[in-house]
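# Understanding the architecture of this molecule
Residue-level listing of the chains:
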Amino acid sequence: MGGLIMMLADWRDAPRAGGLAMAFRAMAYWLVRYRRTWRGTIVVSVANPILFLLAIGAGLGTLVEGPVEGASYLAFFAPGLLAAAALQNAFVEAGFVVNSALRRERIYSTAAATPLEPGHIFAGHLIFITLRLFLSAAAFVMAMALFGLIENIAIALAVTLAATLTGLAFATPLAAWAVTVADFPQLNTVFRFVVMPMYLFSGTFFSVTQLPAPLRAIAYALPLWHGVDLSRTLALGTATLGTSLLHIGYLTALCAIGAMIARITYRRCLHE
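Just so it is clear, the model here is predicted, and its values are computed rather than measured.

Moving on to the overall build of the protein chain. Helix and strand content of the protein chain: ten helices and zero strands. Along the protein chain, helices (α) and strands (β) appear in the sequence α-α-α-α-α-α-α-α-α-α when read from the amino end. Against the 2.2 N^0.38 benchmark of 19 Å for 272 residues, the protein chain shows a C-alpha radius of gyration of 19 Å, consistent with a compact globule. Per-residue burial for the protein chain yields a buried fraction of 48% across its 272 residues. Here the protein chain carries 17 positive and 11 negative side-chain charges, and the mean point of each set is 9 Å from the other.

At a minimum axis separation of 11 Å, helix α3 (residues 73-103) and helix α7 (residues 185-200) run at an interaxial angle of 170 degrees. When the axes of α3 and α7 are compared, the pair comes out roughly antiparallel. Considering only the axes of α3 and α7, their crossing is right-handed. Between α3 and α7, the residues in contact are Leu81, Ala84, Leu87, Gln88, Phe91, Gly95, Phe96 and Asn99 and Leu187, Asn188, Val190, Phe191, Val195, Met196, Met198 and Tyr199, respectively.

Moving on to the pattern of salt bridges. As enumerated under the stated definition, the model contains three salt bridges in all. Where Arg33 meets Glu105, a salt bridge forms, and the shortest distance between an N and an O atom there is 2.9 Å. You can see Arg33 sitting in helix α2 (residues 19-59) and its partner Glu105 sitting in the loop between α3 and α4 (107-112), a full 72 residues away along the chain. By relative accessible area, Arg33 is classed as partly exposed at 21%. Assessed through its relative accessible area of 32%, Glu105 is described here as partly exposed.

What follows concerns the nonpolar core. Within soluble globular proteins, side chains that are nonpolar generally end up buried alongside one another. Trp30, Leu82, Tyr108 and Tyr266 are the most contacted members of the largest nonpolar core, which has 77 residues in total. Those residues within four positions of Leu82 in sequence are excluded, and the remaining contacts are Ala137, Phe140, Val141, Met144, Val159 and Ala163.

A complete count under the given rule lists 13 aromatic pairs for this structure. With centroids separated by 5.3 Å and ring planes inclined at 55 degrees, the aromatic side chains of Phe91 and Phe191 adopt a geometry described as tilted. Taken as a pair, Phe91 in helix α3 and Phe191 in helix α7 lie far apart in primary sequence, 100 residues in all. An aromatic cluster is present here, built from Tyr73, Phe76, Phe77, Tyr199 and Phe205 joined pairwise through their rings. The ring of Phe76 has Arg232 sitting right over it, with the charged end atom 3.6 Å from the ring centre.

This next bit is on the side chain of His120. Here His120 shows up in helix α5 (residues 118-146). We classify His120 as buried; its relative accessible area is 17%. For His120, the contacting residues outside a window of four places in its chain are Gly19, Met22, Ala23, Ala26 and Pro115.

A few words now on the packing of helix α6 (residues 153-178) against helix α10 (residues 241-271). Their axes nearest at 7 Å, the elements α6 and α10 cross at an angle of 25 degrees. Taken together, α6 and α10 sit at an angle that is classed as roughly parallel. With respect to the hand of their crossing, α6 and α10 are arranged in left-handed fashion. Side by side, α6 and α10 meet where Leu165, Thr166, Leu168, Ala169, Thr172, Pro173, Ala175 and Ala176 of the first sit next to Ile248, Leu251, Thr252, Leu254, Cys255, Gly258, Ala259, Ile261, Ala262, Thr265 and Tyr266 of the second.

Here α10 is 31 residues long and its end C-alpha atoms lie 44 Å apart, about the 45 Å a rise of 1.5 Å per residue gives. Those residues of α10 that fall on the buried side of the exposure criterion are Ser244, His247, Leu251, Cys255, Gly258, Ala262, Thr265, Tyr266 and Leu270. As for α10, its buried residues are in contact with α3, α4, α5, α6 and α9 (223-236).

Here we take up the environment of Cys255. Tracing the sequence through the fold places Cys255 in helix α10. Separated by 87 residues in the primary sequence, Cys255 and Leu168 place their C-alpha atoms 6.6 Å from one another. Among residues more than four places away in sequence, those in contact with Cys255 are Leu165, Leu168, Ala169 and Thr172.

To continue, consider the UniProt feature "transmembrane region" (unreviewed entry) in the protein chain. As annotated in UniProt, the feature "transmembrane region" (unreviewed entry) corresponds to residues 44-64, 76-102, 122-147, 153-178, 190-213 and 233-262 in the numbering used here. Helix makes up 87% of residues 233-262 and strand 0%, whereas the separation of the span's terminal C-alpha atoms amounts to 32 Å.

Analysis parameters
- Residues numbered from 1 in each chain as written.
- Predicted model: local features only at pLDDT ≥ 70, side-chain atom pairs only at ≥ 80, totals over all residues.
- Heavy atoms only, no water.
- Helix = DSSP H or I, 4+ residues; strand = E, 2+ residues; numbered from the N terminus.
- Rg over C-alpha atoms; globule rule 2.2 N^0.38 Å.
- Buried < 20%, exposed > 50% of the residue type's maximum accessible area, 1.4 Å probe, protein only.
- Lys, Arg positive; Asp, Glu negative; His and termini not counted.
- Charge placed at Lys NZ, Arg CZ, Asp CG, Glu CD.
- Axes fitted to C-alpha atoms, helices over the stretch in contact; angles between N-to-C directions.
- Parallel < 35°, antiparallel > 145°, perpendicular 65-115°, else oblique.
- Left-handed = near helix turned anticlockwise from the far one by under 90°.
- Contact = heavy atoms within 4.5 Å.
- Salt bridge = Lys/Arg side-chain N within 4 Å of Asp/Glu carboxyl O.
- Core = buried A, V, L, I, M, F, W, Y, C linked by side-chain atoms within 4.5 Å.
- Phe/Tyr/Trp six-rings, centres within 6.5 Å; stacked < 30°, edge-to-face > 60°.
- Lys NZ or Arg CZ within 6 Å of the ring centre and 35° of its normal.
- Expected span 1.5 Å × (residues − 1).
- UniProt positions renumbered as here; feature names shortened; annotations may be inferred.

Encoded structure:
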């Protein structure tokens, strides 16, 4: 809890601090904590997706005949995997970590006993999750650049932001729900029966146009498909303004809805 004590230093000024300042004060704890644990997150956040990229994209992908949506399979697959990796990272950070912060480690409860309001605690943690998603996506995009899949810095930044938004669109409503979960195995159930099917059928590995019409309609409604298509079209240079705005609007709406729900669930769970 040393990091939490550092975060709450200078107590007497806390009531006079604005909401954003309080949120950053809450984020400070997660930064201090991450300084000691970042090495353990590299495998899950960066190494696993890159090894996946090597194995399927550069290995198995060479057996795929012809272009996929006008690109090589590696160029098609990499942006999809980037978005899917952001989804998985979001589930870990906003699912398991959020639930543990309340139920097991009691981090939220300790913070709630200070001038920090539940909204500040949620916002501070969400800012940190956003930073984690961005850094993981940036590392993956750098690996894509080594494969010659990213042409310039502008595209690299756009794809990184698209992947970050994809993860955030899932992380925000997930955190709002995870803070209410009393039974930790429920998170594993959601991962198996929600995250993994979404991972497999949102266009990460193949074009959703190959699916039967009913399944295709479901895929188009999934948030990961919007993230995959946004990341892929930006990386391939085939993005259109209208479609990109549709994807961004859909993902941003999920973030907003999740934030509104989290204001209720965090207050209920931390003040009851």
